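As a plain string of letters, each chain reads:
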Amino acid sequence: MVRQIIVILGDQLSPDNPALRAADPSQDIVLMAEVGGEATYVRHHPQKITLILSAMRHFAQELRENGWTVHYTTLDDPKNHQSLGAEIIKIAAQHKCTKITLTEPSEWRVIDDMTALPLDVTLLPDDRFFASHGIFETWAEGRKALRMEYFYREMRKSTGYLMEGEKPTGGQWNYDHDNRKAAPKDVTHPGPIPFTPDEITRDVIALVQARFDTHFGTLQHFEYAVTRANALRALDHFIAHALPRFGDYQDAMLRDNRYLYHSVLSPYINIGLLSAKEVCDVAEQAFKDGHAPINAVEGFIRQILGWREFMRGIYFLKGRDYVQSNYLEHDRPLPDVYWGGDSKMLCMTKAVEQTRETAYTHHIQRLMVTGNYALLAGVDPHQVHEWYLGVYADAFEWVEAPNTIGMSQFADGGVVGSKPYVSSGAYINRMSDYCKSCAYKVTSKKGADACPFNLLYWHFLMRHRNRFANNPRMAQMYRIWDRMDPDHRATVLAEADAYLEAEVPRTDH
Ligand code: FAD
Ligand code: DLZ
Ligand code: SF4
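This is a predicted model, so every value here is computed, not measured.

A.B. asks: Which residues make up the overall build of the chain, and what values do they have?
C.D. replies: Secondary structure assignment for the chain yields 22 helices and seven strands. In summary, the chain has a C-alpha radius of gyration of 24 Å against a globular reference of 23 Å for 509 residues, a match within 12%. In terms of its C-alpha atoms, the chain occupies a principal-axis envelope of roughly 80 × 60 × 45 Å. Of all 509 residues assigned to the chain, the portion counted as buried reaches 59%.

A.B. asks: Describe the sheet that holds strand β5 (residues 120-124), with residues and values.
C.D. replies: On the basis of which strands lie adjacent, the open sheet formed by five strands has the order β3-β2-β1-β4-β5 and parallel pairing. The sheet terminates laterally at β3 (69-73) and β5, the two strands that pair on one side only. The average angle at which neighbouring strand axes cross in this sheet is 25°, direction not considered. Pairing between strand β1 (residues 5-7) and strand β2 (residues 29-33): three bridges, direction parallel. Among the inter-strand pairings, Ile6 is bridged to a residue of β2, identified as Val30. Across the sheet, helix α3 (residues 46-65) is in contact with β2 and β3; its angle to β3 comes to roughly 160°.

A.B. asks: Could you give an account of the packing of helix α15 (residues 363-377) against helix α17 (residues 397-408), naming the residues involved and the relevant values?
C.D. replies: It is at 11 Å that the axes of α15 and α17 come closest, and there the two elements cross at 55°. Taken together, the axes of α15 and α17 lie oblique to each other. Where α15 crosses over α17, the two elements pack in a sense that is right-handed. From α15, His363, Leu367, Gly371 and Leu375 reach across to α17, where they touch Asn403, Met407 and Ser408. Here the contact of α15 with α17 is built from residues that sort into three nonpolar, four polar and no charged.

A.B. asks: An account of the site of ligand 3 is needed here, citing residue identities and associated values.
C.D. replies: Contacts to ligand 3 come from Met345, Cys347, Gly425, Ile428, Tyr434, Cys435, Cys438, Tyr440, Val442, Cys451 and Phe453. When each cavity is represented as a set of grid points, ligand 3 is found to reside in the second largest cavity.

A.B. asks: Report on the nonpolar core, specifying residues and quantitative values.
C.D. replies: Counting residues in hydrophobic clusters, the biggest one holds 163 residues, and the most contacted among them are Met32, Leu243, Leu265, Tyr268, Phe310 and Tyr373. In terms of residues, this core owes the most to one element, helix α13 (residues 294-318), which gives twelve residues. The contact partners of Leu265, leaving out residues within four places of it in the chain, are Ala234, Leu235, Phe238, Leu274, Val279 and Phe300.

A.B. asks: Any details on helix α7 (residues 148-159)? Residues and values, ideally.
C.D. replies: Helix length check: α7, at twelve residues, gives a terminal C-alpha distance of 16 Å against a target of 16 Å (1.5 Å per residue), a fit within 8%. Inspection of α7 places Met148, Glu149, Phe151, Tyr152, Met155 and Arg156 among the buried residues, and these make up the whole buried set. Buried residues in α7, looked at end-on, bunch into an arc of 155°, giving them a common side. Of the surrounding secondary structure, the elements contacted by the buried residues of α7 are α6 (133-140), β6 (163-164), β7 (167-168) and α13. Just past α7, the residue Gly160 takes up positive phi, approximately 85°.

A.B. asks: Before we move on, could you go through empty space enclosed by the protein and cite the residues and values that matter?
C.D. replies: Under the criterion given, the structure shown has four cavities of 30 Å³ or more. Of the pockets and cavities examined, the largest cavity occupies roughly 370 Å³. What lines the largest cavity is a set of 25 residues, among which Gly10, Asp11, Glu38, Ile52 and Phe396 lie closest to the centre. Counting residues per element, the ones that place at least two in the lining of the largest cavity are α2 (36-40), α3 and α5 (108-115). Looking at the lining of the largest cavity element by element, the count peaks at five residues for α3.

A.B. asks: Report on the environment of Met311, specifying residues and quantitative values.
C.D. replies: Within the secondary structure, Met311 is located in helix α13. Measuring from C-alpha to C-alpha, the distance between Met311 and Met148 comes to 8.6 Å, with 163 residues separating the pair along the chain. In this structure Met311 touches Trp398, Pro402, Asn403, Met407 and Val416, once residues within four positions along its chain are discounted.

A.B. asks: Any chance you could break down the side chain of Arg489 for me, citing the residues and the numbers?
C.D. replies: Within the fold, Arg489 resides in helix α22 (residues 486-503). A residue is classified by how much of its surface remains accessible, and Arg489, at 18% relative accessible area, is buried. Ignoring anything within four residues of it in the chain, the contact list for Arg489 reads Trp481, Asp482 and Met484.

Rules used throughout
Residues numbered from 1 in each chain as written. Chains lettered and ligands numbered in written order. Predicted model: local features only at pLDDT ≥ 70, side-chain atom pairs only at ≥ 80, totals over all residues. Heavy atoms only, no water. Helix = DSSP H or I, 4+ residues; strand = E, 2+ residues; numbered from the N terminus. Rg over C-alpha atoms; globule rule 2.2 N^0.38 Å. Buried < 20%, exposed > 50% of the residue type's maximum accessible area, 1.4 Å probe, protein only. Pairing = 2+ DSSP bridges. Axes fitted to C-alpha atoms, helices over the stretch in contact; angles between N-to-C directions. Contact = heavy atoms within 4.5 Å. Parallel < 35°, antiparallel > 145°, perpendicular 65-115°, else oblique. Left-handed = near helix turned anticlockwise from the far one by under 90°. Nonpolar A, V, L, I, M, F, W, Y, C, P; charged D, E, K, R; others polar. Near = heavy atom within 4 Å. 1 Å grid on protein atoms, 1.4 Å probe; cavity = no way out; pocket = protein on both sides within 12 Å on 5 of 7 lines; lining within 4 Å. Sits in = over half its atoms within 2 Å of the grid points. Core = buried A, V, L, I, M, F, W, Y, C linked by side-chain atoms within 4.5 Å. Expected span 1.5 Å × (residues − 1). Arc of directions from axis to C-beta. Points joined across faces, edges and corners; volume = space filled by probe spheres on them.

Remember, this is a structural readout, not a statement about activity or role.
Below is the structure:
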């Protein structure tokens, strides 16, 4: 007689999953299900599907080795109902067991599906984060603006990371001003360890290739870790080889180096193979051991303890409708360049090519290349959101949506950021080596060879003058525009209009 069914979802593969802690292997069974519905509600990248399904299979194997009874539905099981809810109902009926326990799903859609099941469902708080919903709500209550930096300071105090008593180590909370160096000529870090697929992963690759071959993305070089043991090797490798220079080159981009000093740990943290705490612990230890400087370690810990936790807090605080936000009323469809269509913009084609081949780009490519372009061009933020949610191996709505809808597209009207992240080509040129081999000229402000970011930047600012002219962090750009020659301004706006009509046309045209 089964006492309860413990459901483990594909992004809950943590050995300390709260639902496992609440269970007893002698009375309870674990249910894991590979379902087509989770791969297609947005069309996920084949590498992301492979990562999750292979990690699920390895995790199930480890649970069995540790004495658990696991019911595991494979994607190609002919009796698979291909949805999480239907599989749970089926297995519950088979075992005549109505009690279902799982860790709270990370996404509103799945929370709603689980709580609507005609079963006795218990959702346990997901304590794999530093801040519970309650902690974030209490922090947010009564504040006019929610700013990551202030939340982060509270998290530093409550966790004690990089603290000396009440004071931040080194005297500063944030060392970002040291972290904006342009890319170095020779990058000393070889990038993440490329893991060779084992038999389980090879089976999953074949399955995914056969079923999802119409999804954007290739599976030729699948190199992600799919076990906790290998994810820990990836963590050690990052700490040893990349962390010391992580801060310095955090914002840099190179056309022939996809990773620079970034960790590529987000997929593992987000699906549970690594815990956020253990990652921060080893980074802090590297500082204490004198292996990595404060600007690197503080910068790295801030991404996880600050940004990652803040984004989750915003997602749950703002509720189900957050992903529909469209403050700037942008309505153009996502252009073909995002799906690999021809474009003369080297920065865009390189970011999309890398996305297609690895399901990964680093933060500045996401924010200042693909995100910046969509925002300047006025693309419907929901389409941008669905693109990011589908194409990146680390994309789960709780973290992807606040980054896309909020930080990148300013569609939430300033909940996540105090101003839109927009730039002309000059920023991309300063932080990368793309522009020198691009068909467009980054120094051209108008004319046939003008970098599209240059035209669209001013078009964006003028489209939204009423919204941003009084923003103290943007007023200076409006003053610069107003001092420009009127003929020049008219040409820039006319060329931007023509560019948008040609490259990002509205569907009703
Ligand atoms: P590193 O640069 O090595 O950073 C270390 C860790 O910090 C990451 O592994 C990640 O866990 C965390 N982190 C860094 N920045 C952020 C951030 N802004 N928000 C939350 N955590 C952060 N991150 C996701 O995990 N999933 C997403 O779906 C996602 N979508 C994004 C969409 C857009 C438009 C933008 C601008 C950013 C998005 N990010 C997302 C944040 C960030 O780009 C990725 O976390 C980062 O690129 C992952 O690569 P990395 O592990 O090499 O990160
Ligand atoms: C993303 C994903 C995919 C592609 N496939 C599965 C799956 O087959 N089974 C599963 O349990 N989870 C999968 N996931 C992760 C879920 O979509 C994830 O748990 C939700 O997005 C978070 O609530
Ligand atoms: Fe991108 Fe413009 Fe530079 Fe070309 S010139 S790589 S489009 S920023």
